[in-house]
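# Understanding the architecture of this molecule
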Amino acid sequence: MPTIERGLTISFGLCLLVLMAALPLPAQAKDGPPGPDGLPVANPRHPWNTFTGTPRVDTLSFTPRDVLPIARRQIENDQWEVFTLDAARGTIVTRWKAMHHPLLLLFVGHVNARCTVTVQPLGDNRTRMVFRADLASHGNLEESPFLGRAKSAYAKAVSNYFSKVRYSLSTRSMPRPRATTSRRLAPRTAP
């Protein structure tokens, strides 16, 4: 790399570092230990602001009794811990967990998330599954420049979740191949 270009690259990098150092950091609240649902107890001067995600809905051709255990298993496969499971109401709620992303931490502060899945009967062998995620932060998430990207990532994650649940249900319900009882014929030889 020529000396002038290298000097410009270093100058640009130093300017970027100075600019980032000059930006005010979000107020980092000192949270207490996690509560039973996983969300740390907040300092009264820095309460949690929650942002409720848009509920996403899918309709499945299975009974809620079939869907609920598969939905739970997929939640756990996606590295979430189930906080409550109410089979009578068809509801799964995960524990809050910290979202570890350096840019999120820099511009918004500590962010926690949880998921809620609800399954409801729609008639014979039909179930409505509703997925909703909530975010909690000490900062204002609605004014964050990352909200648009977060919504896009959320929509994709929910779509993937629904696809995995659908796949698990369809492969689970497929009949297993039967052992064949037909005789095997010896290969024919040419005369």
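See above for the structure.
What counts, and at which threshold
- Residues numbered from 1 in each chain as written.
- Predicted model: local features only at pLDDT ≥ 70, side-chain atom pairs only at ≥ 80, totals over all residues.
- Heavy atoms only, no water.
- Helix = DSSP H or I, 4+ residues; strand = E, 2+ residues; numbered from the N terminus.
- Buried < 20%, exposed > 50% of the residue type's maximum accessible area, 1.4 Å probe, protein only.
- Polar contact = N/O pair within 3.5 Å; in protein donor to acceptor, adjacent residues only side chain to side chain.
- Contact = heavy atoms within 4.5 Å.
- Core = buried A, V, L, I, M, F, W, Y, C linked by side-chain atoms within 4.5 Å.

Along the chain, D58 falls in strand β2 (residues 56-60). On the accessibility criterion, D58 (14% relative accessible area) is buried. Within the local environment of D58, its side chain forms a polar contact with the side chain of R166, the two groups lying 2.7 Å apart. If we skip the residues at most four places from it in the chain, D58 touches T127, R128, M129, F162 and R166.

One non-glycine residue with positive phi stands out, namely Q79, at about 70°. Looking at the secondary structure, you find Q79 in the loop between α2 (64-77) and β3 (82-86). With a relative accessible area of 63%, Q79 lands in the exposed category. A positive phi angle, near 55°, is found at N125, a position not held by glycine. Relative to the helices and strands, N125 resides in the loop between β6 (111-121) and β7 (127-137). For N125, a relative accessible area of 47% gives the class partly exposed.

Residue position: T91 is located in strand β4 (residues 91-94). The class for T91 is buried, based on a relative accessible area of 13%. A distance of 3.5 Å separates a polar atom in the side chain of T91 from the backbone oxygen of R89. Apart from the residues lying within four places of it in its own chain, the contact partners of T91 are T84, L85, D86, T116, V117 and T118.

Counting residues in hydrophobic clusters, the biggest one holds 23 residues, and the most contacted among them are I75, V117, M129, F131 and Y161. Every element with two or more residues in this core is listed here: α2, β6, β7 and α4 (147-173). If we skip the residues at most four places from it in the chain, V117 touches A71, I75, G90, T91, I92, M129, V130, F131 and Y161. Listed in part, the five residues of the second largest apolar core include F51, V108, V111 and L147.

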